[in-house]
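Reading the structure
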Amino acid sequence: MLLGLLSGCGPHSPEPRATPQPPTIVTLGDSVPAGTGCTCAAFPELYARHEHAVSINLAAPGLTSADVRAELRLPAVRDSLLQADEVVIMIGANDVADSFTDDDAVASGARTIRTNVRATIDGIQQLHHTLVIVLGYWNVVRDGRVGVTTYGEKGVEVSTRATGTVNDALAAAADDGGAVYLSTEPAFHGLDGSQDPTALLIADGDHPNSAGHNAIARLLPPVSRS
């Protein structure tokens with residue numbers, strides 16, 4: 001009996017296999033990735049669920065690009081980023097939302113966004129080299145029927161122009177920092193830009209509903225480990 005027990009522990013015994021750990025996705029940003037106003041899972045959680053990943057969602061309502069840049073100094077944020085197999089950033093709307101009708105103010109805000117988002121990307125890569133995805137906006141303020149009611153048709157055209165300026169800054173920051181830029185325009189406005197996004201927004205016309213969050217989550221690519 002003793003010989004039998006010992007033989008089971010011999011050199012031919014299989015080594016126990018380590019259980020693979022799920023990838024980790026860290027999200028930085030404003031009220032959109034935070035899921036504000038929607039009693040639903042926000043897109044970072046939906047995306048992580050689809051990818052069998054762990055979501056660390058650090059987004060919060062009201063944040064600007066300067067706020068997200070400053071977050072990189074916080075030990076808890078740095079610890080989260082060190083675990084990341086992928087980082088998603090969606091920020092910038094609050095930099096210009098209060099002044100979106102002023103083209104000069106929007107242009108100035110866009111320059112600030114580009115500087116801050118590029119610095120955020122660089123800070124992440126200095127901590128831990130990983131894939132960073134920067135998401136653009138379908139609109140930096142209200143959209144759909146609520147947007148038309150609030151701003152009028154001309155006002156919606158102005159908001160579209162402001163959104164384009166912000167998205168150009170975000171795309172440039174991503175390109176400068178070696179990150180990936182993804183537009184959310186096709187999800188909300190369709191491939192030709194003519195789709196009414198009302199059905200993807202909550203009653204405020206500003207934040208996504210469950211369908212809107214699902215639409216954003218579907219845009220994001222499969223997660224690769226760092």
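Quick look at the structure, then. Bear in mind the structure is a predicted one, so any value in this text is a computation, not a measurement.

Helix and strand content of the chain: ten helices and five strands. In terms of overall dimensions, the chain has C-alpha extents of about 90 × 35 × 30 Å along its principal axes. Relative to its 226 residues, the chain shows a buried fraction of 46%. Taking contacts inside the chain between residues at least 6 apart in sequence as the whole, the part at least 24 apart equals 78%. For the chain, the exposed area adds up to about 11,300 Å²; of that, 55% sits on carbon and sulfur atoms.

In total, this model carries four salt bridges according to the counting rule given. Note that Arg118 and Asp122 form a salt bridge whose closest N and O atoms lie 3.0 Å from each other. Placement of the pair is Arg118 and Asp122 together in helix α7 (residues 103-127), with a separation of four residues, close to one helical turn.

Take the side chain of Thr198 next. Relative to the helices and strands, Thr198 resides in the loop between α9 (185-189) and α10 (210-219). Side-chain polar atoms of Thr198 contact the backbone nitrogen of Arg145, separated by 2.9 Å. If we ignore the near neighbours within four places in the chain, the residues touching Thr198 are Gly144 and Arg145.

At a minimum axis separation of 8 Å, α7 and helix α8 (residues 144-177) run at an interaxial angle of 25°. When the interaxial angle is binned, α7 and α8 end up roughly parallel. Seen along the crossing, α7 lies across α8 with a hand that is right-handed. On the side of α7, the interface is formed by Asp103, Val106, Ala107, Ala110, Ile113, Arg114, Val117, Arg118, Ile121 and Asp122, while α8 contributes Arg161, Ala162, Thr165, Val166, Ala169, Leu170, Ala172, Ala173, Ala174, Asp176 and Gly177.

Parameters and conventions
- Residues numbered from 1 in each chain as written.
- Predicted model: local features only at pLDDT ≥ 70, side-chain atom pairs only at ≥ 80, totals over all residues.
- Heavy atoms only, no water.
- Helix = DSSP H or I, 4+ residues; strand = E, 2+ residues; numbered from the N terminus.
- Buried < 20%, exposed > 50% of the residue type's maximum accessible area, 1.4 Å probe, protein only.
- Contact = heavy atoms within 4.5 Å.
- Areas by Shrake-Rupley, 256 points an atom, 1.4 Å probe, with all protein chains shown as cover.
- Salt bridge = Lys/Arg side-chain N within 4 Å of Asp/Glu carboxyl O.
- Polar contact = N/O pair within 3.5 Å; in protein donor to acceptor, adjacent residues only side chain to side chain.
- Axes fitted to C-alpha atoms, helices over the stretch in contact; angles between N-to-C directions.
- Parallel < 35°, antiparallel > 145°, perpendicular 65-115°, else oblique.
- Left-handed = near helix turned anticlockwise from the far one by under 90°.

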